[in-house]
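Structural features, examined
These are the residues of each chain, in order.
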Amino acid sequence: AQATQMADKDIKTIDNQIKQTSPEGRPGATIGDGTSEAALIHEAQTGRPVGGRGHAIKVRDAIGSLRSAAERLRNNLPKIRDADMRAKMEEAITRAEAKAAKMDPALDTWYNRAKQFPDKWNPDGTSRVTTNPDGTPWTSESHRMVDNLR
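So, about the overall build of the protein. Helix and strand counts for the protein stand at six helices and zero strands. Helices and strands appear in the protein in the N-to-C order α-α-α-α-α-α. Seen through its principal axes, the protein has C-alpha atoms that stretch 55 × 30 × 25 Å. Residues classed as buried in the protein amount to 41% of the 150 residues present. Taking contacts inside the protein between residues at least 6 apart in sequence as the whole, the part at least 24 apart equals 58%. Of the roughly 8300 Å² that the protein leaves accessible, carbon and sulfur atoms contribute 51%. Within the protein, the 21 negative side-chain charges are centred at a point lying 2 Å from the centre of the 24 positive side-chain charges.

This part covers the pattern of salt bridges. Within this structure, the stated rule accounts for ten salt bridges. When the shortest N-O distance is used, the salt bridge between Lys 102 and Asp 33 registers 3.0 Å. Of this pair, Lys 102 sits in helix α4 (residues 83–111) while Asp 33 sits in the loop between α1 (2–20) and α2 (36–46), and the two are 69 residues apart along the sequence. Here Lys 102 falls in the partly exposed class, since its relative accessible area comes to 41%. Two residues, Glu 91 and Arg 95, come together in a salt bridge whose shortest N-O distance is 2.7 Å. Taken as a pair, Glu 91 and Arg 95 lie in helix α4 at a separation of four residues, close to a single helical turn.

A few words now on the packing of α1 against α4. Relative orientation of the contacting elements α1 and α4 amounts to 35 degrees, with a least axis distance of 10 Å. For the element pair α1 and α4, the recorded crossing hand is left-handed. Where α1 approaches α4, its residues Thr 4, Ala 7, Asp 8, Ile 11, Ile 14, Asp 15 and Ile 18 are matched on the opposing element by Met 85, Lys 88, Met 89, Ala 92, Arg 95, Ala 96 and Lys 99.

Next up on the list: the environment of Ala 38. Relative to the helices and strands, Ala 38 resides in helix α2. The contact partners of Ala 38, leaving out residues within four places of it in the chain, are Ile 31, Gly 32 and Asp 33.

Glancing now at α1. Given a rise of 1.5 Å per residue, 19 residues ought to cover 27 Å, and the 27 Å separating the end C-alpha atoms of α1 matches this to within 8%. Among the residues making up α1, those that are buried are Ala 3, Ala 7, Asp 10, Ile 11, Ile 14, Gln 17 and Ile 18. Seen along its axis, α1 keeps its buried residues to an arc of 125 degrees; they face one direction. Of the exposed residues in α1, the ones pointing more than 90 degrees away from its buried face are Gln 2, Gln 5, Lys 9 and Lys 12.

Let's shift gears to the nonpolar core. In terms of nonpolar packing, the biggest core is built from 31 residues, with Ile 14, Leu 40, Leu 66, Leu 73, Met 89 and Trp 110 touching the most fellow members. Put simply, the parts of the chain that give this core at least two residues each are α1, α2, α3 (56–76) and α4. Residue contributions to this core peak at eleven residues, all from α4. Setting aside residues up to four positions removed in sequence, Leu 40 forms contacts with His 55, Ala 56, Val 59, Ala 106, Leu 107 and Trp 110.

About the thresholds
Residues numbered from 1 in each chain as written. Predicted model: local features only at pLDDT ≥ 70, side-chain atom pairs only at ≥ 80, totals over all residues. Heavy atoms only, no water. Helix = DSSP H or I, 4+ residues; strand = E, 2+ residues; numbered from the N terminus. Buried < 20%, exposed > 50% of the residue type's maximum accessible area, 1.4 Å probe, protein only. Contact = heavy atoms within 4.5 Å. Areas by Shrake-Rupley, 256 points an atom, 1.4 Å probe, with all protein chains shown as cover. Lys, Arg positive; Asp, Glu negative; His and termini not counted. Charge placed at Lys NZ, Arg CZ, Asp CG, Glu CD. Salt bridge = Lys/Arg side-chain N within 4 Å of Asp/Glu carboxyl O. Axes fitted to C-alpha atoms, helices over the stretch in contact; angles between N-to-C directions. Left-handed = near helix turned anticlockwise from the far one by under 90°. Expected span 1.5 Å × (residues − 1). Arc of directions from axis to C-beta. Core = buried A, V, L, I, M, F, W, Y, C linked by side-chain atoms within 4.5 Å.

Okay, structure coming up:
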């Protein structure tokens, strides 16, 4: 029973991460296909945040959460006997891996924004075209930390 409860929790994590980064969970998203990864690519290309805030942390964290939940499900599969639950787990693993793989190129674009779009970004990862409310170049310190944690 504990293995099934853990699996249910990981399936919910995957469902939530996919929803929160897809058009279904992003009402009004109009950039690209409406996903968080489309917003992040747009930010890298333009030097401007989408919707008033950056998406690098959200995309990075979603990729990590999806991959961790999929790995836990994979490790938990041998403990689950119920065929329906195993099928749900395998389907969730497939969806998580597909979504993470779709997000990876957006994060790579973000990491390489200063080289790919030098007219929009300073070498330190700050925007040449957008400032924070205090006048400092966008992005936030926390978004630049994403660069250092890859």
